[in-house]
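Listed here are the chains, written in short residue letters.
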Amino acid sequence: MPSHQFADRPAPQPPERDAVDALINRARRLRGDVDAVRRDTSVIDEDDPRTRWQRALCELAVHQLDDLGEHLGQLRDGIPAQPASEEAPEAARKAPAGPSAAGSLLSRVGTAEWNLLTDEVTWSDELYPIFGRSQEAGALSLDELPSVLLAEDQPQLTSMVTDCLVDGRPIDGEFRILLPDGAMRTLHMTGEPVLDADGCTASMWAVLRDVSRLRRSQHIVGRTRDALRNREHMAQAEHRVAVELQEAVLPPWHGSLPLPGQGSGGLDVAAHYLPSGSSDLIGGDWYDALRLPDGRTMLTVGDLTGHGIPATSAMAMLLGALRGMAVAGIEPGAVMGHLNQLIECSAQPALGSAVCCRFDPATGTLAWAQAGHPAPLLFRDGVGHPLPAPDGVLLGAASGVIYEQDQVTLLPGDVLMLHTDGLTLRSDRSAGAEALLELAPRFARARTAQDCVRTVVEEFGANERLDDACVLVARIGA
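Since the structure is predicted, the reported quantities are computational estimates derived from the model, not experimental observations.

Q: What is the right way to read the overall build of the protein chain from this model?
A: Summing up its helical and strand segments, the protein chain has eleven helices and 16 strands in all. Across the 478 residues that make up the protein chain, the buried fraction comes to 43%. Surface exposure of the protein chain reaches about 24100 Å², of which carbon and sulfur atoms provide 54%.

Set out below in structure tokens:
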């Protein structure tokens, strides 16, 4: 039934068929592209809220493009011709359309006109199955229509109809109806008053469209979007807590550590923490340098598996224990054994690697032990090499492990580097210790430990790092 403001208004001319065909082809191509994206998202992690939200958006876009294509098809083909026989078979008239019939766009859109002068109600054939009614039951009058709506939607319909009939305003709104079988549908209603020759409202004409599937898709998009936002908010909050905990636990000094007695045989120490390329990955990396009561200096770096609050809280526990044992005079090898026992007894078992060194400036001796960690790198006279590593497995990997301890004599001008393995692990390559050893000539020209750390950051501080990292440099005073 054509829309018209006045009963004698001429019908508009249809658009050119070729132009509509071109739009249909563009809609089909776009639909295929969106469907390809939807298929790609279906093979990704089902438990990821971002993936579910992206897939829901694709589903919604596909539904809308399907409807767009069918709308354009109707525009191209014009109003369907009436069947040759006006009398539909009795069974078809009485039986409401099933789900398969309600699936196409044509069966989800119907028209209606309510004549105010004769009380006659005219529904298109498509409108009966939308309301779940047989044609034998008849169309619903304006007085009967609210009875099939949800109670909370009835005032909305009443307001739209009143505005249309009394004030001549167009209708544009949605409401939900209950079908005889208890199912619910959402209908979008647009319409306008039909005026007689005197400008008075003679009837109300409307198009009703079943938008239930569209609204369900939009609801899924909204729900998955909210879940994603909640997850992001939780991740941001956890990230803030992890950063605050890390900053509270790691040494309060940044850059160079002021140690008394610097000079010949003394230590110049500097360190730096490098975040991963993804800033939300706060791991369990640590570094520390501590002047001990007996005049020696403890140097350590380590890394625990995992990220976020669990990793930083476990790191805080281990670093606190390590500091206490170092102050108590426990040797590095024994310190590693106690840390292993501590992880084994903790409520949240984890794996970790660490290196612990103790430097005696009086003798130039460095005693050290490691637990599955990259060995310290020693740079002397412009050449670098890793120290031969004593035996030691990862912390938390086995019970009753004895960690061996080794020692080496450091000379004035030597540079010792301790680092975690994330320093050389990048998305484009895994450089390993060899790349760090290539810095030896530049370290030889460096005047302070901070200069050496700055060189490391320049070379390995790029954003493509896959994990966070720590580097600590100790330079023996000349």
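Q: Would you explain the nonpolar core in this entry?
A: Among soluble globular proteins, nonpolar side chains are generally buried collectively. Residues W286, Y287, L299, M336, L339, L418 and L472 are the most contacted members of the largest nonpolar core, which totals 48 residues. At seven residues, the largest contribution of residues to this core is made by helix 7 (residues 309-327). Listed in part, the 25 residues of the second largest apolar core include L127, Y128, F175 and A206.

Q: Sorry if this is basic, but what is going on with the sheet that holds strand 1 (residues 109-115) here?
A: Taken together, the five strands give an open sheet; going across it, the order is 2-1-5-4-3, and neighbouring strands pair in antiparallel fashion. Of all the strands in the sheet, the pair left with one neighbour each is strand 2 (121-123) and strand 3 (171-178). Between one strand axis and the next, the sheet turns by 25° as a mean value, whatever way the strands run. Bridge count for strand 1 against strand 2 is three bridges, and the pairing is antiparallel. Directly across from A112, in strand 2, lies its bridge partner W123. The strands that helix 5 (residues 154-167) touches are strand 3, strand 4 (184-195) and strand 5 (201-210); relative to strand 3, the one it contacts most, it runs at about 145°.

Q: Just to check I follow, could you spell out the packing of aromatic side chains for this structure?
A: Aromatic ring pairs are defined here through the distance separating the ring centres and the angle between the ring planes. Per the counting criterion, the structure on display carries three aromatic pairs. A ring pair is formed by F379 and F443, whose centres lie 4.7 Å apart and whose planes are at 75°; its orientation type is edge-to-face. In this pair, F379 is assigned in strand 12 (residues 377-380) and F443 in helix 10 (residues 440-445), connecting sequence segments 64 residues apart. Judged by its relative accessible area of 2%, F443 falls in the buried class. Three or more aromatic residues link up through ring pairs in this structure, and these residues are W123, Y128 and F131.

Q: Just checking my understanding: could you explain the side chain of E113 for this structure?
A: For E113, the location among the structural elements is in strand 1. The exposure class of E113 is buried, given its relative accessible area of 17%. In this structure the side chain of E113 is engaged in a polar contact, spanning 2.6 Å, whose partner is the side chain of S203.

Q: Honestly, the sheet that holds strand 14 (residues 406-409) in this entry has me stumped. Any pointers?
A: Strand pairing in a sheet relies on backbone hydrogen bonds, with the paired strands running either antiparallel or parallel. With antiparallel pairing, five strands are arranged side by side in an open sheet as 8-9-10-11-14. The open sheet is flanked by strand 8 (286-291) and strand 14, the only strands paired with a single partner. Along the sheet, successive strands turn relative to each other by an average axial angle of 15°, direction set aside. Where strand 11 (residues 365-371) and strand 14 come together, four bridges link them in antiparallel fashion.

Q: Can you help me understand the pattern of salt bridges in this one?
A: Two side chains bearing opposite charge may form a pair once their charged atoms approach each other closely. In total, this model carries 16 salt bridges according to the counting rule given. Close ionic contact of R225 with D226 constitutes a salt bridge, the shortest N to O distance being 4.0 Å. In this structure, E459 engages R442 in a salt bridge whose closest nitrogen and oxygen atoms are separated by 2.8 Å. One end of the pair, E459, is in helix 11 (residues 449-460); the other, R442, is in helix 10, and 17 residues separate them in sequence. Residue class for E459 comes out partly exposed when judged on its relative accessible area of 36%. Because the salt bridges share partners, they merge into one network encompassing R31, D35 and D66.

Q: Would you mind showing me how to read unusual backbone geometry here?
A: Note: most peptide bonds trans; most residues except glycine with negative phi. With a phi angle near 60°, D119 is a residue other than glycine that sits in the positive phi range. Tracing the sequence through the fold places D119 in the loop between strand 1 and strand 2. With a phi close to 55°, D381 is a non-glycine residue in the positive phi region. You can see D381 is positioned in the loop between strand 12 and strand 13 (383-386). Judged by relative accessible area, D381 falls into the exposed class, the value being 75%.

Q: Teacher, can you tell me more about helix 7 here?
A: Taking 1.5 Å of rise per residue, the 19 residues of helix 7 would be expected to cover 27 Å, and the 27 Å separating its terminal C-alpha atoms lies within 8% of that figure. Immediately downstream of helix 7, the backbone of G329 shows phi near 85°, a positive value.

Q: What's the story with the environment of R31 in this structure? I'm lost.
A: Mapping R31 onto the fold places it in helix 1 (residues 17-41). Of the residues examined, R31 reaches a relative accessible area of 25% and is grouped as partly exposed. Taking the C-alpha atoms as reference points, R31 and V62, 31 residues apart in sequence, are found 6.1 Å from one another.

Q: Teacher, can you tell me more about the pairing of strand 8 here?
A: Consecutive side chains of a regular strand alternate in pointing toward one face of the sheet and then the other. The pairing of strand 8 with strand 9 (residues 297-304) spans six bridges and is antiparallel. Note that in strand 9 the partner of W286 across the bridge is G302. Counted along the chain from strand 8 to the antiparallel partner strand 9, the turn is five residues long, and its residue G295 has a positive phi close to 95°.

Q: So what exactly am I meant to see when it comes to helix 5 here?
A: Along an α-helix, residues three or four positions apart point the same way, because every turn accommodates 3.6 residues. Given a rise of 1.5 Å per residue, 14 residues ought to cover 20 Å, and the 19 Å separating the end C-alpha atoms of helix 5 matches this to within 8%. Among the residues making up helix 5, those that are buried are L157, M160, V161 and C164. The arc that holds the buried residues of helix 5, viewed along the axis, is 90°, so those residues lie on one side. For helix 5, the exposed residues set more than 90 degrees away from the buried face come down to P155 and V166. The inward-facing, buried residues of helix 5 abut strand 3, strand 4 and strand 5. Where helix 5 terminates, the next one or two residues include G168, which has phi positive at roughly 70°.

Procedures and definitions
- Residues numbered from 1 in each chain as written.
- Predicted model: local features only at pLDDT ≥ 70, side-chain atom pairs only at ≥ 80, totals over all residues.
- Heavy atoms only, no water.
- Helix = DSSP H or I, 4+ residues; strand = E, 2+ residues; numbered from the N terminus.
- Buried < 20%, exposed > 50% of the residue type's maximum accessible area, 1.4 Å probe, protein only.
- Areas by Shrake-Rupley, 256 points an atom, 1.4 Å probe, with all protein chains shown as cover.
- Core = buried A, V, L, I, M, F, W, Y, C linked by side-chain atoms within 4.5 Å.
- Pairing = 2+ DSSP bridges.
- Axes fitted to C-alpha atoms, helices over the stretch in contact; angles between N-to-C directions.
- Contact = heavy atoms within 4.5 Å.
- Phe/Tyr/Trp six-rings, centres within 6.5 Å; stacked < 30°, edge-to-face > 60°.
- Polar contact = N/O pair within 3.5 Å; in protein donor to acceptor, adjacent residues only side chain to side chain.
- Salt bridge = Lys/Arg side-chain N within 4 Å of Asp/Glu carboxyl O.
- Expected span 1.5 Å × (residues − 1).
- Arc of directions from axis to C-beta.

Any link to function would need more than the numbers given here.
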